[in-house]
Amino acid sequence: ANNAWVITDPNGTILDLPANPPFDLEGAGAGQCLIWNISYGGTLTGLTVGANTSNIVGCFALSTPITVNRDGVNGGALQTDTGLTDLVICAGDGVSDAFNVSQTDTVGENMAWVITDQSGNILDLPAAPPFDLEGAGQGICLIWNLAYSNGLTGLAVGNNTSMLSGCFDLSNPITVTRSASSASAIEIMGGAGTEISICAGDGISDAFNVMSTGGTGDNQGWIITDPNLMILDLPAGPPFDLEGAGAGQCLIWRIDYADGLVGLTVGENAGNLIGCFALSNSIIVNRNGVEGGSLTTTDGQTEISICVGDGVSDAFNVNLTGSTGDSMAWVITDTLGNILGLPAGPPFDLEGAGFGVCLIWGVSHNGLSGLVMGQNVSGFAGCYDLSNSIRVNRTENLGGEIVIPGSGFEIDICAGDGSSDSFDVTLMGNAGDNSGWVITNQNGEILGLPAGPPFDLEGAGAGVCFVWHISYADGLSGLAVGENINLLSGCHAFSNSIRVNREGVTAGVLSLLDMTDSLTICAGDGVSDAFDVILTGNSGANSSWVITDQSGEILGLPGGPLFDLEGAGEGVCLVWHIAHGDGLTGLTVGENTSGLSGCFILSNPITVTRVTEGSLCVSGTDNLVDHNSFEINPNPTNGLININVNRAFRGQVEIRIIDVSGRVLATKESNQSLINLSIDSYPAGVYFIEISNEEFNGTQRVIKQGN
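Residues numbered from 1 in each chain as written. Predicted model: local features only at pLDDT ≥ 70, side-chain atom pairs only at ≥ 80, totals over all residues. Heavy atoms only, no water.

(A) Inspection of the overall build of the protein chain at higher detail. On a plain count of helices and strands, the protein chain comes out with one helix and 51 strands. Relative to its length of 707 residues, the protein chain is extended, with a C-alpha radius of gyration of 68 Å against a globular reference of 27 Å. If one aligns the C-alpha atoms of the protein chain with their principal axes, the spans along those axes are about 215 × 70 × 40 Å. If you take every contact in the protein chain between residues at least 6 apart in sequence, the share linking residues at least 24 apart comes to 72%. By element, 49% of the accessible surface of the protein chain is carried by carbon and sulfur atoms, the whole surface being about 33700 Å². Between the averaged position of the 16 positive side-chain charges in the protein chain and that of its 75 negative side-chain charges there is a distance of 23 Å. (Helix = DSSP H or I, 4+ residues; strand = E, 2+ residues; numbered from the N terminus. Rg over C-alpha atoms; globule rule 2.2 N^0.38 Å. Contact = heavy atoms within 4.5 Å. Areas by Shrake-Rupley, 256 points an atom, 1.4 Å probe, with all protein chains shown as cover. Lys, Arg positive; Asp, Glu negative; His and termini not counted. Charge placed at Lys NZ, Arg CZ, Asp CG, Glu CD.)

(B) Broad picture of the sheet that holds strand 49 (residues 674–678). Strand order in the open sheet formed by three strands is 45-46-49, with antiparallel pairing between adjacent strands. The open sheet terminates on both sides in strands that have one partner only, identified here as strand 45 (630–633) and strand 49. Averaged over all pairs of adjacent strands, the angle between strand axes in this sheet comes to 25 degrees, irrespective of strand direction. Where strand 45 and strand 46 (residues 640–645) come together, four bridges link them in antiparallel fashion. Across the sheet, residue I632 finds its bridge partner in strand 46, namely I643. (Pairing = 2+ DSSP bridges. Axes fitted to C-alpha atoms, helices over the stretch in contact; angles between N-to-C directions.)

(C) How the structure looks around the nonpolar core. Ranked by size, the top nonpolar core spans 16 residues in total, and within it I643, I689 and I691 carry the most contacts. Put simply, the parts of the chain that give this core at least two residues each are strand 45, strand 46, strand 47 (653–659), strand 49 and strand 50 (685–692). (Core = buried A, V, L, I, M, F, W, Y, C linked by side-chain atoms within 4.5 Å. Buried < 20%, exposed > 50% of the residue type's maximum accessible area, 1.4 Å probe, protein only.)

(D) Broad picture of the side chain of T395. Assignment of secondary structure puts T395 in strand 29 (residues 390–396). Given the relative accessible area of 14%, T395 is considered buried.

(E) Up close: the packing of aromatic side chains. This model, assessed by the stated rule, comprises 14 aromatic pairs. Pairing F531 with F563 gives two aromatic rings, centres 5.8 Å apart and planes at 45 degrees, and the pair type is tilted. Of this pair, F531 sits in the loop between strand 38 (518–522) and strand 39 (533–536) while F563 sits in the loop between strand 41 (554–556) and strand 42 (571–580); the two residues are 32 residues apart in sequence, bridging distant segments of the chain. One exposure class covers both F531 and F563, and it is buried. (Phe/Tyr/Trp six-rings, centres within 6.5 Å; stacked < 30°, edge-to-face > 60°.)

(F) Inspection of the state of the cysteines at higher detail. This structure, assessed with the given rule, holds four disulfides. Two residues, C90 and C276, share a disulfide whose sulfurs are 2.1 Å apart. For the disulfide bridge between C90 and C276, the dihedral angle about the S-S bond is near 60 degrees, and by the sign convention the bridge is right-handed. One end of the pair, C90, is in strand 7 (residues 86–90); the other, C276, is in the loop between strand 19 (248–257) and strand 20 (277–279), and 186 residues separate them in sequence. Each disulfide pairs two cysteine sulfurs, and for C414 the partner residue is C599, the sulfurs being separated by 1.9 Å. Its S-S torsion of approximately 75 degrees makes the covalent link between C414 and C599 right-handed. Of the two residues, C414 is situated in strand 31 (residues 410–415) and C599 in the loop between strand 42 and strand 43 (600–602); the sequence distance between them amounts to 185 residues. Side by side, C414 and C599 carry an identical accessibility label, which is buried. Distance from the sulfur of C167, which forms no disulfide, to the nearest cysteine sulfur (C33) is 14 Å. (Disulfide = S-S within 2.5 Å.)

(G) Looking closely at the confidence of the model for the protein chain. Per-residue pLDDT for the protein chain has a mean of 89; in total, 96% of the residues score no lower than 70. Low pLDDT, under 50, characterises residues 618–627; the stretch is placed with 22 contacts to residues that sit more than four places away or in other chains. (pLDDT = per-residue confidence, 0-100.)

(H) Here's a closer look at the sheet that holds strand 47. Strands sit in the order 48-47-50-51 across an open sheet of four strands; the sheet is antiparallel. Looking at the sheet topology across the chains shown, the edges are occupied by strand 48 (664–670) and strand 51 (697–704). Adjacent strand axes in the sheet meet at a mean angle of 20 degrees when their direction is disregarded. Inspection of the sheet shows strand 47 paired to strand 50 by six bridges, in the antiparallel sense. Following the sheet pairing, D659 is matched in strand 50 by Y687.

(I) Region of the structure containing the environment of D421. With respect to the secondary-structure elements, D421 resides in the loop between strand 31 and strand 32 (426–428). Judged by relative accessible area, which is 10%, D421 ranks as buried. Considered as a pair, D421 and L457 are 36 residues apart in the sequence and their alpha carbons are 6.1 Å apart. If we skip the residues at most four places from it in the chain, D421 touches I413, C414, A415, F455, D456, L457 and E458.

(J) Up close: unusual backbone geometry. The amide bond that connects P238 to the next residue, P239, takes the cis arrangement and shows omega of 5 degrees. One can find P239 in the loop between strand 18 (231–233) and strand 19. For the bond running from N635 to P636, omega is 10 degrees, close enough to zero to count as cis. Mapped onto the fold, P636 is located in the loop between strand 45 and strand 46. Residues other than glycine seldom take positive phi values, yet D105 does so here, at roughly 65 degrees. Tracing the backbone through its elements, the reader meets D105 in the loop between strand 8 (101–104) and strand 9 (110–116). Among the residues examined, D105 registers a relative accessible area of 59% and is labelled exposed. The phi angle at L229 is positive, at roughly 75 degrees, despite the residue not being glycine.

Here's what the structure looks like:
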């Protein structure tokens, strides 16, 4: 009534109860099994997977079995020793890529290793790991383990795994990506080979090109290293310009490499690169390094101004830092680069170089031509570098030459006579930013800074002075009245000097004893008209007294200063003091003062009006001064005086001592005709002795000399 299918092992253990044929025992593993058909009626027990057919209970019958011999194969599971199933190697760099493989869970009578491409084409049938695919070229391949039973066909290089026939099983594959990199060959273009020397640091491009041939790789690049393979730069490509790299040697390489390269970084070493790569031959670059350096004066300046042509050293020192090169030289040029000088070294003294601007440079070089006076620095050839320049502004001041037209370099003037002493000078050959005039004494002390000629030193007094012209640059200090020209600071130059001999005269101020400048006397009454005067403030080599009429005709040349014009007759005359130098002419009675010639000056006059009649002549007095009333001896005096009183003062008299300001210093009474009086306690000077009684008074001057 019922049928079923039963699969057992050779011992009758039920392995499976499949529904119907066909039967596919793939995956059942190696072994032997029996396939049965079972017919049964009613209830059947024991027909269960895992039970044994001997234990089936019920009404049944088993057919004859079909014996199935299962040849079992399992390629197993593959991985590298590092646990990878995908591997990247560099095939073609000449370095072994050998790697090992481990396998697990393999089953089969026979085992084989198979290498295929991605399409299953058999590339190789290696004996066993480790596998080394160096030299296999770029590409991807798969490594398999093949488990198989006897009778397998199609397992041959060149066949495809799809052509295998028999009982077999392939493991999982290990995928090997073969990155192939081969080295390029490089050389300097133009047939310059593989070594070049450049001048690095001169500011001029050292660019050179490189040609590359051959080489394979997923990526390409350029590397610059030092001789020890330390990576200095990773430039994009030629041309290469190493200007400014400094002295030394470096190597240029081309690199062909696959993705995943490690260590290609500036500062790393090219010998430590990890990955698939190939380096070309190297280009050797010999860098002859020069650096002109930084140039300043010792106080940090790059521009200075000096004063040339004044005979004073302009020496200055410089500091040069940061210069490199086999040799070093100093160059002085104009602003156009023309070489003016090739000094041995600092300090530099350009005194005498004349007006202008020049530049001082340091030049560092490794062999230089064109370093010749008169040439231009643009004509330099070789490996060199110029420092920055120090600009030197050479300021030249020429004081010039001055001369008095027709008189030369010395003049005599009369200073103080009230007449202009103006004299002109001619200036020639001066040069400078600023110009001025200076008057000094014999010691160089500055007495005046006049605007310019003509010069008038009237009133300067006696002495000697010098007139100079000065040319100077901005920034001059010390050019002030009271300073000394020897202490001037700054760029300047003086001309020769004009010597001015000043013969100084001052006539002084005249006054009568009562501080007036006129008086009236009775001339011709037989009574003395003597009067005295006070002279102050006079100076000069010579001093004289002159009496003139009102027109200036000289009437007399008295010794003075006590003048007595009694008997001169009626009229008006003028009494003068004259101060004069040697060589005065025309000072003669009968001449006129307008004809005087020489260095002189007249004081103010004392006007004397001479009358011969009138009340003055009747009274016998003249401005309260009567020299016949009393006499003073000695006069001048050192302190003690004797006063002889005439008959007009018989009897009791009052005597007063008065100073020049009118102050009464002492009073004394006496009835003697000879009176002794002391003025010893008073300072030297002029005093007035006044004697009076009820009938008359008189006043005379006495001069107290110093002790």
